[in-house]
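Here are the chains, one letter per residue:
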Amino acid sequence: MFLSLFSSKSRNLFVRGLHFAKQSTRPSAEDIIFRAVCVNIRRKKWKFLDQLSSSLTNSLLSRVFLEFQSSPQLLLEVYRRIGGQKAILDSLESCCILVHVMVDQRNYDEAVCLMKELMMSKGYLPLEVLEALINRMSMWSPSTAVFDALIRACTQNGATEGAYGVIKKLRMENYWVSIHAWNNFLNHLLKIGEVRRFWMVYREMISYEYYENVNTFNLLIYAFCEECKLSEAISVFYRMLKRGIVPNVVGFNMLINGACSADDLDLAVKLLKEMGAMSGGIVSPNAVTYNCLINGYCKRGKLEVAKRILAKMIEMDVKPNIRTYATLIDGYSRNGYLEEAFWLCNNMVESGLIPNAVVYNSFVHWLYMEGDIGGVALLLSDMMLKYIPPDRFTHSIIAKGLCRNGHVNEAIKFHSWLVEKNLVEDAFLHNILINYLYRNNNTSGAKQLLCSMFVRGLIPDQVTYGTMIDGYCKAGEMESAAKVYTDMVKVDKNPNLVIFNSLLDGLCKEESIDCSRFLVDGMKSLNMYDAVTYNTLLNGYCRMGMIKEAFDLFTSMRKAGFLVNKVTYNIMINLLCKFGLFEHAKELVSIMFSQDLAPDFVTYTTLVTNLSNKRSSEEVVKLHDHLVLQGVIPDSQTYEAIVSPVIKETAP
DNA sequence: ATAGGGTTAG
C-alpha cells in the first residue's frame with residue numbers, strides 16, 4: 001500500500017518534509033502518512049486519499065485539518081471527499097475547525113448538522129463546543145455567524161438551557177450575539193410553549209439595546225397570538241410599519257393563523273383581503289396563508305368554505321401543497337366524511353403529490369374512531385408497501401385505536417414491541433396507555449408504565465400526571481390522587497386547569513361540598529377556571545339535591561356568559577326532567593337554539609329517556625319528531641332502545 | 001421564521 005508513496009516525485013516531497021521536521025530524525029509511520037496525505041491534498045489527488053481512507057485516524061485527521069485551516073475551500077473539499085465524517089466527529093478540535101470552514105463558506109446547514117451530531121452522539125456540552133470554537137477563533141474573520149450556528153444547533157436539539165447558556169457566556173466574554181441568534185432562541189421558546197419566558201428573554205434583549213428586525217416583530221406577533229391577544233398582535237404590526245420596517249408574508253400568516261385559533265374566522269378572512277392594502281402592495285398571500293384559513297374552517301366543520309378556499313387558492317395561482325391536502329383530508333375525516341377524504345386524496349395523487357405519514361395518520365385515526373379495524377389494516381399495509389415510515393404519531397394512533405376498540409392488552413403488547421425494536425416513543429404514547437389502564441381499573445399496570453417511563457428516560461409531563469390524577473379521582477381514590485398531585489408539585493410541574501377540574505370532579509363525586517367550594521375559590525383566585533369547572537360544580541349540586549344552589553349557580557354562570565355551554569344546558573335539562581318539569585326543560589332547549597348551542601345527542605338522550613319513564617309513548621314520539629325536525633341528530637342507541645319500539649308499537 | 005396528524009376535564 002505504501003509503495004506508491006515512494007514514487008520519485010512523492011519521495012522528493014517526502015524528503016523535503018523530513019528536512020523541516022524538528023522533533024525527530026526518524027519519522028513515525030503516522031508522520032509519513034501525514035506528509036503524504038498533505039502533499040496529495042495540495043495536489044488534489046483524491047484517488048490517493050481514497051486508498052488511504054482506512055488509515056485516517058483521529059489524530060491524523062486533526063493534524064491534517066490544522067495544517068489546512070487557512071485554506072477553507074480545500075478543507076471543505078477534503079471533508080466532502082473522504083466521507084470519514086465519523087472520524088471527524090471523534091475529535092472536537094478538528095470538528096470545530098471544520099465548523100469554522102463551513103460557516104466561512106456560508107454552508108450553515110452543514111455546520112449546524114455537524115455540531116448537532118457532536119452534541120447528540122458524542123455528548124459534548126454546548127459550552128464545551130463553544131470553548132473549542134473560540135479557541136480556533138483568531139484564525140478567522142471575527143464573524144459571529146459561527147455562534148449563530150451553534151445556538152441554532154442547540155435549539156434544534158431541544159437544548160434550551162444549552163442555547164441560553166451559550167448566549168450568556170458569549171455576553172460575558174464580550175462577543176457579539178447577533179439579532180439572528182436572539183430571534184432563533186425566542187422562536188424556540190414559543191415553539192416549546194414557553195410564552196412567559198419568551199417575554200422575559202425579549203425584555204432582556206431590549207435591555208441590551210438591540211433593535212428588533214422584521215423577524216423579531218413577527219415573533220412578537222406570534223407570541224401575542226399564542227396568548228390570544230389579537231389586537232395587541234395587530235398593533236405590533238403597525239408599530240413595525242412606524243419604524244419603517246417592511247413587513248413580509250410571515251407576519252401576516254401568523255396573524256391569520258392566530259385569528260383562526262382564536263375562533264375569529266371573519267378577522268382571518270378580512271386580513272387575507274387587506275394584506276395588500278395594509279402592506280402598501282408589497283405582500284400577497286402564499287400557500288401558508290391559504291392553509292391557515294383552510295385549517296380554521298376545517299376545524300370548525302365548515303368544509304364547504306374550506307373547499308372554496310382551495311378553489312380560490314388555485315384561481316390565484318398559488319399551488320396547493322401536501323399540507324393543504326392533509327388539512328382538508330383530516331377535516332373531512334374528522335367530520336365523518338371519510339369517503340370524500342379518500343376522494344380528495346385521489347385528487348392529490350393525480351396532481352402529483354405523494355401521501356405522507358401525516359395523511360396516513362389522519363385516515364388511520366378516523367378509521368379507528370369508526371371502529372373500522374379492517375380498513376386500518378389495509379392502510380397500514382399500504383403504508384409499508386410504499387415504504388412510508390410510521391412516526392410517533394402513527395404509534396400513538398395505533399395504541400389509542402387498539403384501546404378504544406377494546407384491545408388494551410394488544411396496545412400494551414404493541415408498546416412492548418416498540419420498546420424491543422427501539423422505535424420512537426414519547427410521553428404522549430404513554431399517556432394514552434396510562435389513561436386506558438385506569439379506565440380498565442388496572443391501577444398497577446398504570447403505575448408500572450409510569451415507572452418504565454422514568455427507566456427509558458422519558459419525563460412524565462403535565463398530561464401524564466393529569467391522567468393519573470383523573471384516574472384516581474374517577475376510581476374514588478382521592479388520597480392517591482392527592483399523592484400524585486404532591487409528587488407532581490415536587491418535580492416542579494405546575495398543575496393546570498384540567499388537573500384542577502379533575503380534582504374538583506373527584507371531590508364532587510364523593511360529595512365533599514366544602515372542599516369543592518374551597519377548591520373553586522382557590523381556582524378563581526388563580527384565575528384558572530372555565531366552563532368545565534362550573535359545569536362540574538353544577539353537576540355536583542344537582543347530584544346532591546342542592547337545587548337552590550344549582551339554580552343560583554346557573555344564573556350567575558349565565559351572567560358571566562362564557563361559563564355556559566351545551567353541557568351546562570344538558571345538566572339543567574336533566575335536573576328539570578328529574579322533577580317532571582318537561583315544559584321547562586323544553587324551554588331550555590329553545591334557549592339553546594337561540595344561543596347557537598345546538599342540542600346534541602346527550603340532550604336528546606336526556607329528554608327521551610326521562611320522558612319515556614313518566615309520560616306516554618305518543619309524547620316520546622312527538623318529542624323525537626320535534627327534535628329531529630329542528631336538526632338534532634338522535635343518539636342511535638337511545639333511538640333503538642326507546643323510540644323505535646314505540647313507533648313499531650303504535651304503528652297500525 | 002409562519003401552516004397539517006396523536007393525550008387529559010363535564
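Residues numbered from 1 in each chain as written. Chains lettered and ligands numbered in written order. Predicted model: local features only at pLDDT ≥ 70, side-chain atom pairs only at ≥ 80, totals over all residues. Heavy atoms only, no water.

Per an unreviewed UniProt entry, chain A carries the name Pentatricopeptide repeat-containing protein, mitochondrial and comes from Sesamum angolense. The Sequence similarities (unreviewed entry) comment attached to chain A in UniProt states, word for word, "Belongs to the PPR family. P subfamily." (UniProt positions renumbered as here; feature names shortened; annotations may be inferred.)

(A) Molecular detail of the protein's contact with DNA strand B. Lining the immediate surroundings of DNA strand B are 54 residues, of which Asn 215, Asn 361, Asp 391, Val 463 and Val 567 lie closest. When the atoms of DNA strand B within 4 Å of the protein are sorted by group, sugar and phosphate make up 42%. One nitrogen or oxygen atom from the side chain of Lys 191 is found 2.5 Å from a phosphate oxygen belonging to DNA strand B. Contact between DNA strand B and Asn 431: a base oxygen at 2.8 Å from a side-chain N or O atom of the residue. The leading source of residues in the surface near DNA strand B is helix H20 (residues 322-334), at 6 residues. (Near = heavy atom within 4 Å. Polar contact = N/O pair within 3.5 Å; in protein donor to acceptor, adjacent residues only side chain to side chain. Helix = DSSP H or I, 4+ residues; strand = E, 2+ residues; numbered from the N terminus.)

(B) Spatial organisation of the side chain of Thr 568. Relative to the elements of secondary structure, Thr 568 occurs in helix H34 (residues 566-578). With near-sequence residues (within four places) excluded, Thr 568 lies in contact with Asn 535, Leu 538, Phe 554, Met 557 and Leu 563. (Contact = heavy atoms within 4.5 Å.)

(C) View of the packing of aromatic side chains. All told, the structure shown has 18 aromatic pairs when counted by the stated rule. Ring geometry for Trp 176 and Tyr 210: centres 4.8 Å apart, planes at 25°, overall stacked. Remark: Tyr 210 occurs in the loop between helix H13 (195-207) and helix H14 (214-226) and Trp 176 occurs in the loop between helix H11 (160-172) and helix H12 (179-191); sequence separation between them is 34 residues. With centroids separated by 5.4 Å and ring planes inclined at 80°, the aromatic side chains of Phe 237 and Tyr 238 adopt a geometry described as edge-to-face. (Phe/Tyr/Trp six-rings, centres within 6.5 Å; stacked < 30°, edge-to-face > 60°.)

(D) Layout of the nonpolar core. Core analysis: the largest hydrophobic core is formed by 208 residues, its most contacted members being Val 129, Leu 150, Phe 198 and Ile 573. For Phe 198, the contacting residues outside a window of four places in its chain are Leu 186, Leu 189, Leu 190, Leu 219, Leu 220 and Ala 223. (Core = buried A, V, L, I, M, F, W, Y, C linked by side-chain atoms within 4.5 Å. Buried < 20%, exposed > 50% of the residue type's maximum accessible area, 1.4 Å probe, protein only.)

(E) Geometry of the pattern of salt bridges. Inspection of the entire model under this criterion finds 20 salt bridges. Residues Arg 152 and Asp 109 are paired through a salt bridge, measuring 3.1 Å at the closest nitrogen-oxygen approach. Of this pair, Arg 152 sits in helix H10 (residues 145-156) while Asp 109 sits in helix H8 (residues 108-120), and the two are 43 residues apart along the sequence. Linking Lys 483 and Asp 487 is a salt bridge whose minimum nitrogen-to-oxygen distance equals 3.2 Å. In this pair, Lys 483 and Asp 487 are both assigned in helix H29 (residues 478-490), 4 residues apart and thus about one turn of the helix distant. (Salt bridge = Lys/Arg side-chain N within 4 Å of Asp/Glu carboxyl O.)

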